[in-house]
Amino acid sequence: MSENFKKCMFGGFDPEDVIAYIDRTAKENKARIATLTEQNEALTKSNQEMQVELTMLRQQFVDQENENRAAEKWQQEWQAAQEKLQQLEEEAAMLRTQAQEYRSLKDHIADIEISAHRRTEEFRRAAIAQMQEIVNKQRGWCEEMKTKYLAVTEQFSQKLQQAQQVLAEPDVSGFAEMEEGLQNLENSLFE
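Read on for an overview of the structure. Quick caveat, the model's predicted, so the values are computed rather than measured. Residue numbers run consecutively from 1 along every chain, following the written order of its sequence. The model is predicted, so local features are restricted to residues of pLDDT at least 70 and side-chain atom pairs to those at 80 or more, both for listing and for counting; the totals for chains, interfaces and linings are taken over all residues. To obtain the side-chain values, all non-hydrogen atoms of the structure were used and water was disregarded.

### Considerations on the nonpolar core
Here, nonpolar core refers to any group of buried Ala, Val, Leu, Ile, Met, Phe, Trp, Tyr and Cys residues whose side-chain atoms link them within 4.5 Å. The classification of residues rests on relative accessible area computed with a 1.4 Å probe and restricted to protein chains. Under 20% of the type maximum is buried, over 50% is exposed, and intermediate values are partly exposed. Judged by nonpolar contacts, Val18, Tyr21, Ile22, Ala26, Ile109 and Ala116 together constitute the single largest core of 6 residues. When contributions to this core are tallied by element, the ones reaching two or more residues are helix H1 (15-63) and helix H2 (68-168). The numbering of helices and of strands both runs from the N terminus, where a helix is a DSSP run of H or I of at least 4 residues and a strand a run of E of at least 2. The element contributing the most residues to this core is H1, with 4 residues. Any two residues whose heavy atoms approach within 4.5 Å at even a single point are treated as in contact. Not counting residues up to four positions away in its chain, the partners in contact with Ile22 are Ile109, Ile112, Glu113 and Ala116. Counting residues in hydrophobic clusters, the runner-up holds 5 residues, among them Leu36, Leu43, Leu88 and Leu95.

Pasting the structure below:
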């Protein structure tokens, strides 16, 4: 009786598949136990009827004991009834053993079902806690990155404003000094 269970995203088996399998197995076992119980009751009733029949045969045997011809006939019937009773008792004992095994199996399956349900709930709680932790960390990371982004944007804005001021008011005083120096050089060449 092997069953292929789907795997879950976070590992392990799909709880619904496991629970469905356990439910199906429990129903099959309940049906088997019901059938065996019915058979056991029928055999018990038959056994009781045979006991009654056996009692009647014994009484008839005692009544007919003085008659030799009838004694042999009743002896054979009594022997056949005993054999049938023995067979029925053996069959009833076997069915009682099987019924006990099925009860034990049913109890074991119920324990497995409860344990699986408990583990599923624990896994679900752990997964929810883990997801909440991940969400909280991601929120913290987003806030941190937002703060850094705003700081970088502010720094960039300040640098851009400084660059715009430099471009709006260019310092060309160095060119006047350079022209004066060139003029002096040129004058010194022609002197």
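The discussion continues.
### Some remarks on the environment of Ile109
Note on placement: Ile109 falls in helix H2. Residues Ile109 and Thr25 lie 84 residues apart in sequence; the distance between their C-alpha atoms is 8.0 Å. When near neighbours in sequence (up to four residues on either side) are disregarded, Ile109 contacts Ile22, Thr25, Ala26 and Asn29.

### Notes on a positive patch on the surface
Taken together, the side chains of Lys27, Lys30, Arg103 and Lys106 define a basic patch exposed on the protein surface. Going through the elements one at a time, H1 and H2 are the ones with two or more residues in the positive patch. Structurally, the position occupied by Lys30 is in helix H1. Note that patches include only residues with greater than 30% relative accessible area and no salt bridge, and the join distances are 9 Å for like charges and 5 Å for nonpolar side chains (Val, Leu, Ile, Met, Phe, Trp, Tyr). What sets the accessible areas is the Shrake-Rupley method with a 1.4 Å probe; for residues, cover comes only from the shown protein chains. We count a salt bridge whenever a side-chain nitrogen from Lys or Arg sits within 4 Å of a carboxyl oxygen from Asp or Glu. A residue counts as positive if it is Lys or Arg and as negative if it is Asp or Glu; His and the chain ends are not included. For the purpose of locating charges, the reference atoms are NZ of Lys, CZ of Arg, CG of Asp and CD of Glu.

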